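# What the coordinates show
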Amino acid sequence: MANKAQTTDAASEKDREKWMARFQVRLAMQPGVDRAVVLQAVKEVTAHCAETGEHPRTAFGDPDAHAVQVAARLVPADRAARESRRNTGVDTLDSVLKRARDIAGL
């Protein structure tokens, strides 16, 4: 019987790790998010789950949605907007360069 409990615990831990990894990646992709923001958010989630015993999905829901909410809360709006504009400019430049390479046959 202990073997089944160990298997369940291992599966739960693996699911928790997957949730945290996805949350971190999605958070890092948000405009204006830097290493300090990611570390603070991970610390908050980890502390909450340690105190309550809850799984992160139970406590915070979808990792993608939670990442967006955390970024909105922790990143100053002006920094996020500035970073978003910069990302749009880089994406536009990449698109133009790709088209130029396609036309030139490179």
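Residues numbered from 1 in each chain as written. Predicted model: local features only at pLDDT ≥ 70, side-chain atom pairs only at ≥ 80, totals over all residues. Heavy atoms only, no water.

Another aspect to go through is the overall build of the chain. Of regular secondary structure, the chain possesses five helices and zero strands. Taken from N to C terminus, the helices and strands of the chain fall in the order α-α-α-α-α. Taking all 106 residues of the chain together, 20% fall into the buried category. Taking the intrachain contacts of the chain between residues at least 6 apart in sequence as the baseline, contacts between residues at least 24 apart amount to 69%. Summing over all exposed atoms, the chain offers an accessible surface of approximately 7500 Å²; the carbon and sulfur share of this is 57%. (Helix = DSSP H or I, 4+ residues; strand = E, 2+ residues; numbered from the N terminus. Buried < 20%, exposed > 50% of the residue type's maximum accessible area, 1.4 Å probe, protein only. Contact = heavy atoms within 4.5 Å. Areas by Shrake-Rupley, 256 points an atom, 1.4 Å probe, with all protein chains shown as cover.)

What follows is about helix α4 (residues 63–74). Relative to the 16 Å expected for twelve residues at 1.5 Å per residue, α4 spans 16 Å between its end C-alpha atoms, a close match to the ideal helical length. Those residues of α4 that fall on the buried side of the exposure criterion are Pro63, His66, Ala67, Val70, Ala71 and Leu74. For α4, the arc enclosing every buried residue in end-on projection is 135°, short of the 170-degree limit, so these residues lie on one face. Of the exposed residues in α4, those oriented more than 90 degrees away from the buried face are Gln69 and Ala72. Here α4 starts with a cap whose side-chain oxygen sits 3.2 Å from the backbone nitrogen of Asp64, and that cap is Asp62. (Expected span 1.5 Å × (residues − 1). Arc of directions from axis to C-beta. Polar contact = N/O pair within 3.5 Å; in protein donor to acceptor, adjacent residues only side chain to side chain.)

The subject of this paragraph is helix α2 (residues 35–52). End to end, α2 covers 26 Å across 18 residues, agreeing with the expected 26 Å (1.5 Å per residue, within 8%). Within α2, the full set of buried residues consists of Val37, Val38, Ala41, Val42, Val45 and Cys49. On an axial view of α2, the arc spanned by its buried residues comes to 125°, and they lie on one face. For α2, exposure combined with an orientation more than 90 degrees from the buried face picks out Arg35, Lys43, Ala50 and Glu51. Within two residues after α2, Gly53 carries a phi angle of roughly 80°, on the positive side.

The next point concerns the packing of aromatic side chains. A full pass over the atoms with the stated rule returns two aromatic pairs. With centroids separated by 5.3 Å and ring planes inclined at 20°, the aromatic side chains of Trp19 and Phe23 adopt a geometry described as stacked. Separated by four residues within a single helix, Trp19 and Phe23 lie in helix α1 (residues 2–28), roughly one turn from each other. The class of Phe23 is buried, set by a relative accessible area of 0%. A centroid spacing of 6.3 Å and a plane angle of 35° characterise the contact between Trp19 and Phe60, whose relative ring orientation is tilted. One end of the pair, Trp19, is in helix α1; the other, Phe60, is in helix α3 (residues 56–60), with 41 residues separating them in the sequence. Here Phe60 falls in the partly exposed class, since its relative accessible area comes to 23%. Three or more aromatic residues joined by ring pairs make a cluster, and in this case those are Trp19, Phe23 and Phe60. (Phe/Tyr/Trp six-rings, centres within 6.5 Å; stacked < 30°, edge-to-face > 60°.)

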